[in-house]
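Summary of structural features
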Amino acid sequence: MVAYGLRRLRALFFLFLGLAAFGVAFAYPDKPIRMVVPFAPGGGTDLIARTLGAEMSKDLGQPVIVDNKPGAGTLIGTDNVAKSAPDGYSVVVASFAHAVNPALQPKLPYGSNKAFAPVLLIGRGPNVLVVRPDSPYKSVADLLAAAKANPGKLTFASQGAGTSAHLAGEMFANLAKVKLSHIPYRGAGPALTDLLGGQVDMMFATAAAVSTFVDTGKLRALGVTTAEPSPAFKGVPAIAASVPGYLVESWYGLYVPAGTPPAVIERLNAAGRKAARAPDFVRKIEHEGLAINAGAPAELDSYVRTEEERWARVIKENGIKPD
């Protein structure tokens, strides 16, 4: 009789847990969602986040509020989300740095990528090597000649140590056997401001950050970082044509803290997939060279694991250190 009573209590307990989980999923979201961008406003990641967030809010029925938390090679904003409640109300927009930080940083404040659960791989695209329109460098060959003649004199900006713009420049220098000086900023916006103002010579910027400047003639594109030319930058060659083996790809994804209920992740994934294929989102990023992925959470997990392994080898072989 006692055993029967214990079994009945256990069954009721698990039924309660199931109903509670269903209730969370059914009610979610019932307040605004915070989308953390670990960069300053004005860059490519910020643009992607704000455009995607606006579309997601339509489907979720709650505002998606972008919260910029730049610094420490994206670690400040990323750590903030890792340590947030796993309830689906804090999301981080991850990018290239998320995959390289485990190899680049001696100690991650959030321990490891096990601190996160994948939600959505938004898309992938090229970086673009850009200079000012009055720059004496008209091609990658021009730039390489100048770099070889003046080791360490040419400077390249990035949106922070460990970001795609940083490692794209480091890989370029290593493969081309030239010396460049890295100038890190707290986001793509400030970096581009100094590039436009003449304080730095070049930037291996994300396409999302510079496409408008290239279209309007405020910056000149010398090459794209993907293996082949990008249809978004007609007439711009792949850097690999001048530096064999060169390949860098930018990407954008959504993560939530580990332990977030699967039903909540599924809801965010569904809203994100719909948003990434919405006409307004596609229209706003069609010139950014971004190829939309927008699949299941496992797609992001698999892609980033592959990127982590690839960049860990590059970082180790080239002795790349964070600034």
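Note: the structure precedes this text.
In what follows, the accompanying structure is described.

The rules behind these values
Numbers given to residues run from 1 along each chain, matching the order in which its sequence is written. The model is predicted, so local features are restricted to residues of pLDDT at least 70 and side-chain atom pairs to those at 80 or more, both for listing and for counting; the totals for chains, interfaces and linings are taken over all residues. For side-chain calculations, the full set of non-hydrogen atoms in the structure is used, while hydrogens and water are omitted. A fitted line through C-alpha atoms serves as each axis, taken over the contacting stretch for helices, and the angle formed by two N-to-C directions is quoted from 0 to 180°. Helix and strand definitions here come from DSSP, where helices need a minimum of 4 consecutive H or I residues and strands a minimum of 2 consecutive E residues; each element is numbered from the N-terminal end. Under this scheme an angle from 65 to 115 degrees is roughly perpendicular, one under 35 degrees roughly parallel, and one over 145 degrees roughly antiparallel; angles in between are oblique. Should the near helix be turned counterclockwise from the far one by less than a right angle, the crossing is left-handed, whereas a clockwise turn marks it as right-handed. Whether two residues touch is decided by their heavy atoms; if any such pair falls within 4.5 Å, the residues are in contact. Following the grouping adopted for this structure description, the nonpolar residues are Ala, Val, Leu, Ile, Met, Phe, Trp, Tyr, Cys and Pro, the charged ones are Asp, Glu, Lys and Arg, and the polar ones are all others, Gly among them. Helix span, expected: 1.5 Å multiplied by one less than the number of residues in the helix. Here's how the labels work: a residue is buried when its accessible area is under 20% of the maximum for its type, exposed when over 50%, partly exposed in between, all with a 1.4 Å probe on protein chains only. Within 6.5 Å between ring centres, the rings of Phe, Tyr and Trp (the latter by its six-membered ring) count as paired, and their orientation is classed by plane angle as stacked under 30 degrees, edge-to-face over 60, tilted in between. Put simply, the grid is 1 Å and covers the protein atoms alone, a cavity is a trapped set of points that fit a 1.4 Å probe, a pocket is an open set with protein on both sides within 12 Å along at least five of seven lines, and lining residues have an atom within 4 Å of a point. Grid points are joined across faces, edges and corners, and a volume is the space filled by probe spheres set on the points. Should a side-chain nitrogen of Lys or Arg be within 4 Å of a carboxyl oxygen of Asp or Glu, the pair is scored as a salt bridge. For two strands to be treated as a pair, DSSP must find at least two bridges joining them. By definition, the crossover connecting two strands over a helix is right-handed if that path, from the first strand to the second, turns clockwise as seen with the strands pointing away from the viewer.

Helix packing for two helices is described by the angle between their axes and how far apart those axes are. Where helix α2 (residues 44-60) meets helix α9 (residues 262-276), the closest approach of the two axes is 8 Å, and the angle between their N-to-C directions is 120 degrees. Taken together, the axes of α2 and α9 lie oblique to each other. The hand of the α2/α9 crossing is right-handed. From α2, L52, E55, M56, D59 and L60 reach across to α9, where they touch R267, L268, A271, G272, K274, A275 and A276. Grouping the amino acids of the contact of α2 with α9 by side-chain chemistry returns seven nonpolar, one polar and four charged.

In this model α9 runs 21 Å from its N-terminal to its C-terminal C-alpha over 15 residues, within 8% of the 21 Å that 1.5 Å per residue would give. Every buried residue of α9 is listed here: V264, I265, L268, N269, A271, G272, A275 and A276.

So, on to the packing of aromatic side chains. The final tally for this structure, using the stated rule, is eight aromatic pairs. Ring centres 5.1 Å apart and planes at 80 degrees place the aromatic pair Y110 and F116 in the edge-to-face group. This pair shows no difference in class: Y110 is buried, exactly as F116 is. Both rings, one in F116 and one in Y255, keep their centres 6.0 Å apart while their planes meet at 65 degrees; by these two values the pair is edge-to-face. With F116 in strand β4 (residues 116-131) and Y255 in strand β9 (residues 249-257), this pair connects stretches of sequence that are 139 residues apart. A relative accessible area of 7% means that F116 is categorised as buried. By relative accessible area, Y255 is classed as buried at 5%.

A few words now on the layout of surface pockets. Put simply, the largest pocket is a space of about 190 Å³. Lining of the largest pocket is provided by H98, N113, K114, F116, P118, Y255, D301, V304, R305 and E308. Going through the elements one at a time, β4 and α11 (297-318) are the ones with two or more residues in the lining of the largest pocket. Here the lining of the largest pocket gets four residues from one element, more than from any other, and that element is α11. A breakdown of the residues in the lining of the largest pocket according to their chemical character gives four nonpolar, two polar and four charged.

A few words now on the pattern of salt bridges. What the rule picks out here adds up to 13 salt bridges. D67 is the partner of R34 in a salt bridge, and the nearest nitrogen-oxygen pair spans 3.1 Å. One end of the pair, R34, is in strand β1 (residues 33-37); the other, D67, is in strand β2 (residues 64-68), and 33 residues separate them in sequence. Since its relative accessible area comes to 22%, R34 is described here as partly exposed. The exposure class assigned to D67 is partly exposed, which follows from its relative accessible area of 22%. In this structure, D59 and R267 form a salt bridge, with 2.9 Å as the shortest nitrogen-oxygen distance. Taken together, the positions of D59 in helix α2 and R267 in helix α9 put the pair 208 residues apart, joining distant regions of the chain. For R267, a relative accessible area of 25% translates into the label partly exposed.

Below, the discussion takes up the pairing of β2. Along β2, the buried face is formed by V64, V66 and N68; none of I65 and D67, which line the opposite face, is buried. Strand direction decides the pairing type here: β1 and β2, joined by five bridges, are parallel. By the bridge assignment for β2, R34 is matched with I65. The parallel pair β1 and β2 is bridged by α2, and the resulting crossover is right-handed.

Of note, the amide linkage connecting Y28 to P29 takes the cis form, showing an omega dihedral of -10 degrees. Mapped onto the elements of the fold, P29 is located in the loop between α1 (2-27) and β1. We note that A72 has phi near 55 degrees; this positive angle belongs to a residue other than glycine. With respect to the helices and strands, the residue A72 is situated in the loop between β2 and α3 (75-82). With phi around 50 degrees, A294 is a residue other than glycine that occupies positive phi space. If you trace the backbone, A294 turns up in the loop between β10 (291-292) and α11.

Now for helix α6 (residues 164-176). Within an α-helix, residues lying three or four positions from one another point in the same direction, as the helix has 3.6 residues per turn. Across its 13 residues, α6 extends 18 Å between first and last C-alpha, which sits within 8% of the 18 Å expected from 1.5 Å per residue. The element α6 is extensively covered by neighbouring structure, given that 10 of its 13 residues are classed as buried. Those residues of α6 not exposed but buried are S164, A165, H166, L167, A168, G169, M171, F172, A173 and A176. Backbone geometry just after α6 places K177 at a positive phi near 60 degrees.

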